[in-house]
Structure formats: structure tokens, C-alpha cells
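Structural overview for review
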Amino acid sequence: MKTIIEPFKIKSVEYVKTTTKDEREKILKRAYYNPFRIPAEDVLIDLLTDSGTSAMSAKQWAGIMDGDESYAGSKSYFRFEAQTKKIFGFKHIIPVHQGRAAERILFTKLLSEIDDDGRFINAGKGKYIPNNNHFDTTRANIEFNGGIAEDLVIEEGKHPSVLHPFKGNMDTKKLEEFIKKVGAKNIPVCMLTITNNAGGGQPVSMQNIRETSKICKKYKIPFFLDACRFAENAYFIKIREKGYEKKSILEICNEMFSYTDGCTMSAKKDAFANIGGFIAMNNDEWYEQCKNLIIITEGFETYGGLAGRDLEAIAQGLEEVIDENYLHYRIASTKYLGEKLLSKNIPIIQPVGGHAIYLDAKGFLPHIPPEQYPGQALVVELFRAGGIRTVEIGSVMFGKFDKNGKMTPADMELVRFAIPRRVYTQSHIDYVAEIMWEINDYKKKIKGIKITESPKFLKHFTAKFAPIA
Ligand SMILES: *Cc1c(COP(=O)(O)O)cnc(C)c1O
């Protein structure tokens, strides 16, 4: 087979800075060993996230110049609306400034009662929201509104090295048991994340979307997709699920969303935009209520906290992301890094997901217990050794503490190497693999990490850490 090449060429470049190991040690200390606190300028290869970090195309930049900044009903909004309707097909689509704004609006609406004056009164207590795996902001928005977020991914999805073509699937049997246990009336919505970011960027099959939808219909529970990586998910369906080989990505997307009542979306992922998102739904009454929430914090319904030019960039990005050549390259280039790590028996979630490599830190650093955050320890080491920025997705993010301060660890201790879209070349990725190979040779010497200061919600963003001596 011929080498899979980037289906684009580089028109504009951005230089990156190299640092010495001594400098990086100082940078780490100043950042309290938290990658979110490291100034981006000091990072050589930034794999912290694939969110908002895409390289935009010449056509997106052209759209930015052409953006219509009218307050209401701008031309850019209508282009955005037409493009999102073409792919997602929902009756109502409202732009918001990013995915979590869509979540905040959805969960504020669903976990509130609305009084005669149209005010939202929090009523989240005793309400449950199932998902395959809630992403951190999704979970935080549910919990912040008093609800309970329940993860019901299939058993295979919890074991890093177990192979399954759709490890992001919802465990539909568990879902039905869960609905019977807590009562359908206490479940205002069922979510499904495509691809499953917190569970390793693993796809969800069309069959699973269909079955989840069927269960939701049976119990009259609305069904929403967390659609951030819908195009990558559609591509996996095309190459892995019987009956979809000959369908276009657009046809697959249309079918995925046809089984649902709405979606939340971060345009910072599969829309190649640096900012933006939207919330979409079919229900007219919900739409009216969500609009009231949107106008309070996001803005008028045709711009939702975005500039007209952002809507242009999103509309054009959504056109480019459903291109099969792009998706072919995208999925192959993520797999390329995964195969390099596997060649030295470095444990990663398999099969490789869409947007990132997830290294199994529990397997890689078995001498560090979850209470000493093996994932965070590796994140720190990757920066120290090579100026590479990654992120822990494990007990720092999802560990729960009881009253006595004892931690219940997350299911998995992962380090995510997120691959920004259209940004790094093959030699950048080769370098990342080489640093990991080096670390692999001395990994027994790596020590654990402790948290020295931490806020209540989304603690990984701002917490302070220190190495354990
Ligand atoms: C990024 C992400 C979000 C939140 O989107 P933001 O634009 O970062 O607010 C929600 N769900 C998933 C699965 C994500 O990956």
C-alpha cells in the first residue's frame, strides 16, 4: 500500500521553540506540575488537546474576511444554519461560544422547573443523565445543576487492551436496567458521546445508536448526541460496520442524527474552528426555553456569543471535515503514532481511536498507585524529557473523594496525546514516539505526584501538584 499523505499542503507556518532540560525543569516548577499552567510558548509539541487547535484552511480564512457582523440575521448565520442543517438535520440550531455553553444551556433547562414567569428554578436533585462516558465538562455541567451523571459504556470499553471495533458503545442492557432502577421520569435526557472522548476516543456503531434510540423511545426519554467528533465517528462506521462501506460520510451523519432528538457540539473539534459550538434540537418548546437562556449569557440566537466570521469558519470547516480523503488521512495519522508506541510494547488503548492516543499509565507505571496519579507523573515526564505537552485523563480528572479524604480512583489512568487537526507533520510525530521510547527505558525511576491545592469543579485545569520525594 502507498504511503497515506496529507491531503493538503502548508501555506503558512508557525515556528516552535526548543528548550533545554534545565529550562523545562524550571518551567514545570513554575507551573506547579500542571500542564494547563505551562505557557504555550514554552511547549515544543503541544498535544494537550485537539480542541480549537486545528489549522484552518485558506477557505476558512477567506470566510473570516467575508464574515457578516450584523447583530441579527447575518448572512454568516444563514450559511452556518444551512450547513449544519445539511449534516445534522435538526429543526432548531443555535450557535454558542463553545461546547460547554451548549451543555450548560441543555442541562440548566433539563434540570430546572420553569415557573409562571419563565424563571428557571433548579430541580436537579434526584435526576440522572446516562451516557457512554460523560466528558469532564458534560459531567461538571450536570453536577453543577444538581444532577447525577452515569457512565454506562460497554465492559470492553473499560479495558485498554481489549479489542472491539466500537468500544464507545453504550451498554444497552445496563441502560435499560438503569432506567428501570431510577425510573424513566427521573431521566430528563440520555446522552451518547461520539466518539467517546473520556473513554479513549472510541467510536459508537450505528447499530448502537439505533438501539439506544429505541430504548429511549420505549421509555419516552429524549436522546441527544454529544457530537464533537461526529465525522470521525462516521468514518469509523464506514470502515468498520457492515452495510456502510459504500455510504458517503454525509449519508452516515444524516442517519446517525436521524435517531436522536438533538445534539450538543463543540466546533473546536470536528469543525476545524478555533472557537464555537452549537446546540440543536427538534422540540419547539425546549427551543423557546433554551433561547431564553442563550440570550442571557451567549447573545442573540443568530450569533450566540460568536462573531459572524466565526460562523463562516465553522460552516466551511463542516464542509471540509466530511471529506473522506481528509478523514482517511486523519485516522491513519493517529494510528501511526499508536503503532510506533505498540512496537515497543508501550500499553495504549486499542484499537487506536480517532483524535488521540491514550496511553494506559496504570499498565506503563505499575509501581505508582492511583493515589499518586501515574498519569500525571507521565505527563510531567513527557514535558521534562521532550517539551511535549499531554494531559492526564484519570484520577486527577475523575477521582472522587469521600468525607475522610479517601479517593475512589477513576476506572482508567490514562495519558492523552491529542493530535491537533492538520497541524503536525510525520517527523513531529516521530519525535514524540522517540521521546516515549526513551522514557520507556527508564520508566521504573519515575515517581508519583501529589495534589497540593485543588478547586471543587474541573480541578485538573487549575490544581497545583508536587512530585513525591
Ligand atoms: C470538548 C468536548 C466538550 C466540550 O466542548 P468545549 O468546546 O471544550 O467547551 C464536550 N464533550 C466532548 C466529548 C468534548 O470532547
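All values reported here derive from a predicted model rather than from experimental measurement.

Calculation criteria
- Residues numbered from 1 in each chain as written.
- Predicted model: local features only at pLDDT ≥ 70, side-chain atom pairs only at ≥ 80, totals over all residues.
- Heavy atoms only, no water.
- Patch = residues over 30% accessible without salt bridge, like charges linked within 9 Å, V, L, I, M, F, W, Y side chains within 5 Å.
- Areas by Shrake-Rupley, 256 points an atom, 1.4 Å probe, with all protein chains shown as cover.
- Salt bridge = Lys/Arg side-chain N within 4 Å of Asp/Glu carboxyl O.
- Helix = DSSP H or I, 4+ residues; strand = E, 2+ residues; numbered from the N terminus.
- Phe/Tyr/Trp six-rings, centres within 6.5 Å; stacked < 30°, edge-to-face > 60°.
- Buried < 20%, exposed > 50% of the residue type's maximum accessible area, 1.4 Å probe, protein only.
- Lys NZ or Arg CZ within 6 Å of the ring centre and 35° of its normal.
- Domains from an automatic or database assignment.
- Contact = heavy atoms within 4.5 Å.
- Buried area = accessible area lost by both parts, 1.4 Å probe.
- Polar contact = N/O pair within 3.5 Å; in protein donor to acceptor, adjacent residues only side chain to side chain.
- Disulfide = S-S within 2.5 Å.
- Pairing = 2+ DSSP bridges.
- Axes fitted to C-alpha atoms, helices over the stretch in contact; angles between N-to-C directions.
- 1 Å grid on protein atoms, 1.4 Å probe; cavity = no way out; pocket = protein on both sides within 12 Å on 5 of 7 lines; lining within 4 Å.
- Points joined across faces, edges and corners; volume = space filled by probe spheres on them.
- Nonpolar A, V, L, I, M, F, W, Y, C, P; charged D, E, K, R; others polar.

Glancing now at a nonpolar patch on the surface. On the surface, a nonpolar cluster with roughly 430 Å² of combined accessible area is contributed by I10, V13 and Y15. Inspection of the secondary structure assignment puts I10 in the segment before α1 (21-30).

This next bit is on the packing of aromatic side chains. Taken as a whole and judged by the stated rule, the model has 16 aromatic pairs. Note on F88 and F257: the rings are 4.8 Å apart at their centroids and 65° apart in plane angle, and the pair reads as edge-to-face. Here the residue F88 occupies a position in helix α3 (residues 75-88), and F257 occupies one in helix α9 (residues 249-258), the gap between them amounting to 169 residues. When its relative accessible area of 3% is taken as the criterion, F88 is described as buried. Put simply, the rings of Y77, F78, F80, F88, F90, F230, F257 and F278 pair up and form one aromatic cluster. For K269, the ring lying beneath its charged end belongs to F135, and the centroid distance is 5.6 Å.

One can read the domain layout of the chain as domain 1 (21-50 + 323-467) and domain 2 (58-321). Here the C-alpha centre of domain 2 lies 26 Å away from the C-alpha centre of domain 1. Opposite the 32 residues of domain 1 that make contact, domain 2 presents 39 residues. Buried area between domain 1 and domain 2, summed over both chains or domains, comes out near 2,900 Å², and the portion from carbon and sulfur atoms is 59%. Linking domain 1 to domain 2 there are seven salt bridges. Residues E143 and K400 are paired through a salt bridge, measuring 3.6 Å at the closest nitrogen-oxygen approach. Taken together, domain 1 and domain 2 are joined by 20 residue pairs in polar contact (both at pLDDT 80 or more). Those elements giving two or more residues to the side of domain 1 that touches domain 2 turn out to be α12 (324-342), β11 (356-360), α15 (395-398) and β16 (414-418). With six residues, α12 is the largest single contributor of residues to the side of domain 1 that touches domain 2.

Taken as a whole, this structure holds zero disulfides when the rule is applied. C228 takes part in no disulfide bond, and the closest cysteine sulfur to it belongs to C263, at a distance of 9.0 Å. In this structure C228 comes out as buried when scored by relative accessible area, which is 9%.

Next up on the list: the sheet that holds strand β13 (residues 391-393). Within a sheet, adjacent strands bond to each other through the backbone by hydrogen bonds, running parallel or antiparallel. Strand order in this open sheet of three strands is β11-β16-β13, and the pairing throughout is antiparallel. Because the sheet does not close on itself, it has two edges, and the strands there are β11 and β13. Neighbour-to-neighbour, the strand axes of the sheet open up by a mean angle of 35°, direction not taken into account. Across five bridges, β11 lies against β16 in antiparallel orientation.

Another aspect to go through is unusual backbone geometry. Across the junction of I194 and T195, the peptide omega takes the value -20°, indicating a cis bond. For T195, the location among the structural elements is in the loop between β7 (190-193) and α7 (206-218). Cis geometry marks the peptide bond from Q350 to P351; its omega dihedral reads -10°. Assignment of secondary structure puts P351 in the loop between α12 and β11. Unusually for a residue other than glycine, N345 sits at a positive phi of about 60°. Mapping N345 onto the fold places it in the loop between α12 and β11.

When its volume is computed, the largest pocket comes out at roughly 1,400 Å³. For the largest pocket, the lining is made up of 36 residues, of which S12, E14, A55, R422 and V423 are closest to its centre. There are two domains that each give the lining of the largest pocket at least three residues, and those are domain 1 (21-50 + 323-467) and domain 2 (58-321). A volume near 620 Å³ is recorded for the second largest pocket. Along its surface, the second largest pocket is lined by 29 residues, and I331, A332, S333, K335 and Y336 are the ones closest to its centre. For the lining of the second largest pocket, the secondary structure elements donating two or more residues are α8 (230-240), α12 and α16 (426-442). With ten residues, α12 is the single largest residue contributor to the lining of the second largest pocket. The residue inventory of the lining of the second largest pocket, partitioned by class, reads 16 nonpolar, eight polar and five charged. When residues of the lining of the second largest pocket are assigned to domains, at least three map to each of domain 1 (21-50 + 323-467) and domain 2 (58-321).

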